[in-house]
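Here are the chains, one letter per residue:
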Amino acid sequence: MSINQHIDHTLLNAAATKKDIKVLCDEAKEYRLHAVCVNSYYVPLSKHFLTMTNIKVCATVGFPLGAMSTKAKVCEAKKAVEDGANEIDMVINVGMLKSKNYVAVYKDICDVKLAIGSTPLKVILEISELSKNEIIKACQICIDAKADYIKTSTGFSKSGATLTAIKMIKKTVKDKVKIKASGGIKDYETALKYIEVGADRIGTSSGAQIASESLLIEAS
């Protein structure tokens with residue numbers, strides 16, 4: 001299958017330079033990937049490099065810890081959209097979830113979604129920090145808060161996506177929310193397995209490599 005339109009080509013390194021962002025966008029254009037995913041500061045630059053293309057710009061919010069105030073997340077999300085972001089990936093307040101303060105988690109997501117309107121919102125759970133029951137509860141909160149996607153991981157914690165977690169999330173959300181698998185996905189075969197078990201989108205810094213492998217397989 002053609003995997004290119006499932007890929008969010010990602011660069012979230014704190015030391016990323018203007019040149020690095022250009023390379024990211026050039027690779028996205030070369031392989032016709034779905035989106036680039038960048039820290040919110042780089043939204044205007046990414047939009048500039050992707051002028052006259054259909055490639056989306058996805059901005060992270062509250063990244064990577066998610067432990068800032070809801071007001072700060074709302075402000076960052078609104079600014080990113082004003083700067084041209086087509087999608088927002090926000091990190092939940094993991095500590096509030098583990099404290100069972102579900103109202104705070106719901107409000108955090110809901111306020112960001114209300115602030116960005118029809119712009120798709122992906123909510124990052126950071127599954128490596130959560131138990132099975134906490135993942136399920138987070139999924140239920142995301143549905144109630146009208147999130148568009150549930151995303152597994154930031155890529156900055158102990159580990160990233162797992163096939164087991166994707167299956168569990170899919171069983172919980174069914175078709176109410178889409179799923180983005182992110183963290184540790186570096187080759188075509190692995191990316192394909194995630195899509196086969198329920199992921200709608202793949203977040204990866206290896207987007208160009210995966211797309212290149214896909215082309216070779218399709219040509220063989």
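Residues numbered from 1 in each chain as written. Predicted model: local features only at pLDDT ≥ 70, side-chain atom pairs only at ≥ 80, totals over all residues. Heavy atoms only, no water.

**A look at unusual backbone geometry**
Part 1 of the reasoning: Put simply, Phe63 and Pro64 share a cis peptide bond, and its omega is 0°.
Part 2 of the reasoning: Within the secondary structure layout, Pro64 lies in the loop between β3 (56-61) and α3 (70-82).
Part 3 of the reasoning: The phi dihedral of Arg32 falls on the positive side, at around 55°, and the residue is not glycine.
Part 4 of the reasoning: With respect to the helices and strands, the residue Arg32 is situated in the loop between α1 (18-31) and β2 (35-39).
Part 5 of the reasoning: You can call Arg32 exposed: its relative accessible area is 66%.
Part 6 of the reasoning: A positive phi angle, close to 70°, is found at Lys146, a residue other than glycine. (Helix = DSSP H or I, 4+ residues; strand = E, 2+ residues; numbered from the N terminus. Buried < 20%, exposed > 50% of the residue type's maximum accessible area, 1.4 Å probe, protein only.)

**Focus: α1**
Part 1 of the reasoning: The end-to-end C-alpha distance of α1 is 20 Å, a good match for the 20 Å that 14 residues give at a rise of 1.5 Å each.
Part 2 of the reasoning: Ile21, Leu24, Cys25, Ala28 and Tyr31 are the residues of α1 that are buried. Each buried residue of α1 lies within a common arc of 140° when the element is viewed along its axis, so the set occupies one face. Exposed residues pointing more than 90 degrees away from the buried face of α1 are listed as Lys18, Lys19 and Glu30. (Expected span 1.5 Å × (residues − 1). Arc of directions from axis to C-beta.)

**Re the packing of aromatic side chains**
Part 1 of the reasoning: Taken as a whole, this structure holds two aromatic pairs when the rule is applied.
Part 2 of the reasoning: Aromatic side chains Tyr41 and Tyr42 sit 5.2 Å apart centroid to centroid with 85° between the ring planes, which places their arrangement in the edge-to-face category.
Part 3 of the reasoning: A centroid spacing of 5.2 Å and a plane angle of 90° characterise the contact between Phe63 and Phe156, whose relative ring orientation is edge-to-face. Separated by 93 residues along the polypeptide, Phe63 in the loop between β3 and α3 and Phe156 in the loop between β6 (149-151) and α7 (163-173) bring together distant segments of the chain.
Part 4 of the reasoning: Phe63 gets classed as buried once you look at its relative accessible area, which sits at 16%. (Phe/Tyr/Trp six-rings, centres within 6.5 Å; stacked < 30°, edge-to-face > 60°.)

**Remarks on α3**
Part 1 of the reasoning: When the terminal C-alpha atoms of α3 are compared, their 18 Å separation across 13 residues agrees well with the 18 Å that a helix rising 1.5 Å per residue should span.
Part 2 of the reasoning: Residues Thr70, Lys73, Val74, Ala77 and Ala80 constitute the buried set of α3. The arc that holds the buried residues of α3, viewed along the axis, is 130°, so those residues lie on one side. Exposed and facing more than 90 degrees away from the buried side of α3 are Lys71, Cys75 and Glu82.
Part 3 of the reasoning: At its buried positions, α3 is contacted by α2 (43-49), β3, β4 (87-91) and α5 (102-116).
Part 4 of the reasoning: Once α3 finishes, Gly84 follows within two positions and takes phi at roughly 120°, a positive value. (Contact = heavy atoms within 4.5 Å.)

**Focus on the sheet that holds strand β5 (residues 121-124)**
Part 1 of the reasoning: The strand order β1-β2-β3-β4-β5-β6-β7-β8 describes a closed barrel built from eight strands, whose pairing is parallel. Along the sheet, successive strands turn relative to each other by an average axial angle of 25°, direction set aside.
Part 2 of the reasoning: In the sheet, strand β1 (residues 7-11) pairs with strand β8 (residues 201-204) via three bridges, with the strands oriented parallel. Paired with Ile7 across the bridge in β8 is Ile202. (Pairing = 2+ DSSP bridges. Axes fitted to C-alpha atoms, helices over the stretch in contact; angles between N-to-C directions.)

**Observations regarding the pairing of β1**
Part 1 of the reasoning: The element β1 is extensively covered by neighbouring structure, given that four of its five residues are classed as buried.
Part 2 of the reasoning: Where β1 meets β2, four bridges bridge the pair, whose relative direction is parallel. In the strand pairing of β2, Leu11 is matched with Val38.
Part 3 of the reasoning: Each parallel crossover has a hand, and for β1 linked through α1 to β2 it is right-handed. (Right-handed = clockwise from strand over helix to strand, strands pointing away.)

**Overview of the pairing of β2**
Part 1 of the reasoning: Of all five residues in β2, four are buried, a share of seventy percent or more.
Part 2 of the reasoning: In this sheet, β3 lies alongside β2 in parallel orientation, the contact comprising five bridges. Across the sheet, residue Asn39 finds its bridge partner in β3, namely Thr60.
Part 3 of the reasoning: Read from β2 through α2 to β3, the crossover connection turns out right-handed.

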